[in-house]
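Geometric and topological summary
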Amino acid sequence: MTGLERIQKAFKSETVDRVPWVPFVGCHAGALLGVSAEDYLKSEDFIVQGVSKAVELYQPDGIPVAFDLQIEAEALGCELVWAEENPPAVVKHPLCNGTTLDDLSIPAANDARIGTTLAAARRLRAAFPDVALYGLVTGPFTLALHLLGTDIFMKMFDDTDYVHRLLDFCKDVCKAMSRYYIEAGCDVIAVVDPMTSQIGPDQFTQFITPSMIEVFESIRDQGALSSFFVCGHAQQNVSVMAQCKCDNISIDENIPLDYVKQECQKYGISFGGNLQLTSVLLLGKPIDAQKNAIACMEIGGESGFILAPGCDLPYAVPPENLTAITEIVHDEYKRQVAAKVVSDADDADRLDLKEYGKADKVIVDIITLDSEACAPCQYMVDAVKRVTPEFEGIVEWREHKIKYRESLVFMTSLMVRNVPTICIDGEIVFVSRIPPKDELIAAIQKRINEKFRLRIQQRKASIYILDNGCDKTGLIENNLNTAIQELGADVNIEKVTDPETIASYGIAMSQTPAIVMAKYQVKALRQVPEVMVIKEWLKDV
């Protein structure tokens with residue numbers, strides 16, 4: 001059975017001789033050739049050479065021609081910024097800069113880099129007739145974000161007619177791109193729409209479902225297979241995605257694979273995923289990759305499942321991690337051996353963040369896969385960048401790209417489970433959801449107010465005058481009141497005359513009058529501290 005035949009049977013939820021393997025090789029192929037992501041994605045020859053190298057190394061059943069969700073956006077006038085190890089990112093949105101929707105037209109097959117990618121597809125089709133070629137198309141909602149920016153979220157409430165018009169245009173672009181890829185020889189059209197993770201099922205049904213049904217029907221009418229590809233914390237939309245009449249749903253590690261299997265089987269469609277991109281494929285060892293793959297294969301089963309990474313493979317994934325997966329996919333004996341081997345992967349220690357967020361400034365941490373490579377991550381970072389200047393130096397923001405081990409450790413220490421996520425002073429606030437400007441400002445302001453109240457509370461103190469009845473006691477009390485009044489401090493003065501109470505302070509009556517100050521320090525707000533944490537507090541007493 002060829003890889004193409006295996007993919008075709010799996011997409012129809014038929015039993016196959018083994019689980020199909022589809023490494024989503026994008027700019028990682030540039031790393032295989034030793035060229036930058038920019039040089040790779042702009043060159044027909046590099047794309048052909050890179051994919052050919054990936055086929056040689058990873059022996060896939062299917063593979064994408066290119067993984068770049070900015071190809072259509074660039075052809076439509078979006079300004080891009082390029083990176084060494086990631087696909088480009090959209091930095092200027094035409095519909096926010098004077099262009100109207102009526103000014104836009106569906107790109108032709110030879111516009112911008114579309115022609116380059118299609119030419120590569122035709123050459124790869126001829127070179128690998130037994131491998132299922134995936135043509136990846138930017139989904140309507142993500143393309144709409146590229147064209148309009150995050151203003152689309154407000155317009156979904158304020159101007160629904162405009163959003164429908166915009167999505168209708170993006171749907172037509174999606175259909176055209178699908179046709180171009182099919183004519184170039186692609187077997188599977190994967191509509192990749194990660195930004196749909198930012199909306200709920202009601203909005204999805206209202207704005208996305210009609211367009212996607214039409215796109216997938218068009219793909220089916222042309223004799224090709226279709227996949228609906230989403231990354232991010234989109235579990236709430238899996239069921240409505242499955243009702244869009246696609247042949248397959250592909251997801252990343254943010255969504256449990258067993259849940260996706262259950263939902264897809266209800267509608268008789270196949271499913272794919274969800275190898276861990278960073279902690280395993282990028283930063284792990286070959287045995288970690290094999291164990292992760294085996295876990296996915298055990299859940300996926302022998303029919304209707306395609307083993308694949310959760311998204312575009314990071315540029316610097318060690319090839320040996322992917323070849324290790326290839327070995328267990330093709331060799332059942334090696335799979336059995338790997339299942340019994342104990343992984344020696346380093347379990348990075350969590351950071352001690354008990355005091356995190358106590359600094360004068362409010363710290364906004366954005367946990368991302370990489371804002372240069374992940375559209376939801378990019379737009380979440382942009383949202384934070386836009387609002388922090390309004391706080392005039394009180395707020396600092398930091399992006400933590402979990403493709404780096406130190407950021408992965410930080411993510412684990414904050415108990416973050418999904419990306420992208422916004423934390424404010426170490427508290428998880430927005431999970432896989434790009435907040436509207438006013439909501440983000442309100443969340444930051446709330447934390448500023450909490451810190452202000454905390455400062456006031458921490459200034460509170462009590463002063464005890466251990467009184468033996470002599471004249472000095474009155475002088476001490478007068479001086480204390482004068483000092484407190486001049487400083488404006490919140491301090492309570494109390495006299496203690498009972499000998500036993502005075503002795504409890506470790507002071508003999510012969511040492512009085514004496515002054516004891518108790519300063520109050522708030523240790524926890526709106527949380528139940530662990531016993532071990534409380535013990536640490538008590539060590540200071």
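Higher on the page you've got the structure.
Residues numbered from 1 in each chain as written. Predicted model: local features only at pLDDT ≥ 70, side-chain atom pairs only at ≥ 80, totals over all residues. Heavy atoms only, no water.

Next up on the list: the overall build of the protein. Counting its secondary structure elements, the protein contains 22 helices and 16 strands. A principal-axis box enclosing the C-alpha atoms of the protein has dimensions of 105 × 60 × 45 Å. Going through the 541 residues of the protein one by one, you find that 54% of them count as buried. About 23800 Å² of surface is accessible on the protein, with carbon and sulfur atoms providing 49% of the total. Each charge class in the protein was averaged separately, 52 positive and 77 negative side chains, and the resulting centres sit 2 Å apart. (Helix = DSSP H or I, 4+ residues; strand = E, 2+ residues; numbered from the N terminus. Buried < 20%, exposed > 50% of the residue type's maximum accessible area, 1.4 Å probe, protein only. Areas by Shrake-Rupley, 256 points an atom, 1.4 Å probe, with all protein chains shown as cover. Lys, Arg positive; Asp, Glu negative; His and termini not counted. Charge placed at Lys NZ, Arg CZ, Asp CG, Glu CD.)

Moving on: the side chain of Asn 274. By the secondary structure assignment, Asn 274 is in strand S8 (residues 270-275). A distance of 3.4 Å separates the side chain of Asn 274 from the backbone oxygen of Asp 252, its partner in a polar contact. Only 2.9 Å separates the side chain of Asn 274 from the backbone oxygen of Ile 255, close enough to count as a polar contact. Discounting residues that sit within four places of it in the chain, Asn 274 has contacts with Ile 251, Asp 252, Glu 253, Ile 255, Pro 256, Leu 257, Cys 296, Ala 308 and Gly 310. (Polar contact = N/O pair within 3.5 Å; in protein donor to acceptor, adjacent residues only side chain to side chain. Contact = heavy atoms within 4.5 Å.)

Pairing is parallel across the open sheet formed by 7 strands, whose spatial order is S1-S4-S5-S6-S7-S8-S9. At either margin of the open sheet sits one strand with a lone partner, and together these are strand S1 (62-64) and strand S9 (305-309). Sheet twist, expressed as the mean angle between neighbouring strand axes with direction ignored, is 25°. Bridging between strand S5 (residues 188-192) and strand S6 (residues 225-229) involves 5 bridges; their strand directions are parallel. If you follow Val 188 over to S6, its bridge partner there is Leu 225. (Pairing = 2+ DSSP bridges. Axes fitted to C-alpha atoms, helices over the stretch in contact; angles between N-to-C directions.)

Tyr 134 and Leu 307 are the most contacted members of the largest nonpolar core, which totals 161 residues. No other element matches the 13 residues that helix H9 (residues 160-183) contributes to this core. Tyr 464, Leu 466, Val 496 and Ile 502 belong to the second largest nonpolar core, which has 7 residues in total. (Core = buried A, V, L, I, M, F, W, Y, C linked by side-chain atoms within 4.5 Å.)

Glancing now at the pattern of salt bridges. Within the structure shown, the criterion is met by 31 salt bridges. Asp 102 serves as the salt-bridge partner of Arg 165, at 3.1 Å between the closest nitrogen and oxygen. With Arg 165 in helix H9 and Asp 102 in the loop between strand S3 (89-92) and helix H6 (114-127), this residue pair connects regions lying 63 residues apart in the sequence. Residue Asp 102 is classed as exposed on the basis of its relative accessible area of 66%. Salt-bridge contacts for Lys 451 lead to Asp 425; the nearest nitrogen and oxygen are separated by 3.1 Å. Within this pair, whereas Lys 451 is found in helix H19 (residues 437-458), its partner Asp 425 is found in the loop between strand S12 (421-424) and strand S13 (427-431), the two being separated by 26 residues in sequence. Overlapping salt bridges, with partners in common, bring together Asp 168, Lys 171, Asp 172, Lys 175 and Glu 214 in one network. (Salt bridge = Lys/Arg side-chain N within 4 Å of Asp/Glu carboxyl O.)

Glancing now at the packing of helix H7 (residues 140-148) against H9. At a closest axis distance of 9 Å, the pairing of H7 and H9 adopts a crossing angle of 115°. Taken as a pair, H7 and H9 cross one another with a handedness that is right-handed. On H9, the residues that touch Pro 140, Phe 141, Leu 143, Ala 144, Leu 147 and Leu 148 of H7 are Tyr 162, Leu 166, Leu 167, Phe 169, Cys 170, Lys 171, Val 173 and Cys 174. Taken together, the residues of the contact of H7 with H9 break down into 13 nonpolar, no polar and 1 charged. (Left-handed = near helix turned anticlockwise from the far one by under 90°. Nonpolar A, V, L, I, M, F, W, Y, C, P; charged D, E, K, R; others polar.)

A maximum bend of about 50° is found in helix H10 (residues 201-221) at Ile 208, where proline Pro 210 lies one to four positions downstream. Buried-residue contacts for H10 involve H7, helix H8 (151-158), H9, S5, S6 and helix H11 (238-242). Just downstream of H10, Gly 223 is the residue with a positive phi angle, here 85°. (Bend = angle between axes of the 7 residues up to and from the residue.)

Per the stated rule, a full pass over the model turns up 9 aromatic pairs. Ring geometry for Phe 24 versus Phe 67: centroids 6.2 Å apart, planes at 80°, classification edge-to-face. Residue Phe 24 is located in the loop between helix H1 (3-11) and helix H2 (28-33), and its partner Phe 67 is located in the loop between S1 and helix H5 (71-75); the two are separated by 43 residues in the primary sequence. When sorted by exposure, Phe 24 lands in the same class as Phe 67, which is buried. Geometrically, the ring pair formed by Phe 216 and Phe 228 is tilted, given 5.6 Å between the ring centres and 55° between the ring planes. (Phe/Tyr/Trp six-rings, centres within 6.5 Å; stacked < 30°, edge-to-face > 60°.)

With that settled, consider H7. Within H7, 9 of the 9 residues are buried, which leaves the element mostly enclosed by the surrounding structure. If you check which residues of H7 are buried, you get Pro 140, Phe 141, Thr 142, Leu 143, Ala 144, Leu 145, His 146, Leu 147 and Leu 148. The positive-phi residue at the C-terminal boundary of H7 is Gly 149, with phi of around 80°.

Let us now look at the packing of helix H14 (residues 286-300) against helix H16 (residues 332-340). At a closest axis distance of 9 Å, the pairing of H14 and H16 adopts a crossing angle of 105°. Classified by the angle between their axes, H14 and H16 sit roughly perpendicular to one another. Contacts between H14 and H16 pair Ile 287, Gln 290, Lys 291, Ile 294 and Met 297 from the former with Arg 335, Ala 338 and Ala 339 from the latter. (Parallel < 35°, antiparallel > 145°, perpendicular 65-115°, else oblique.)

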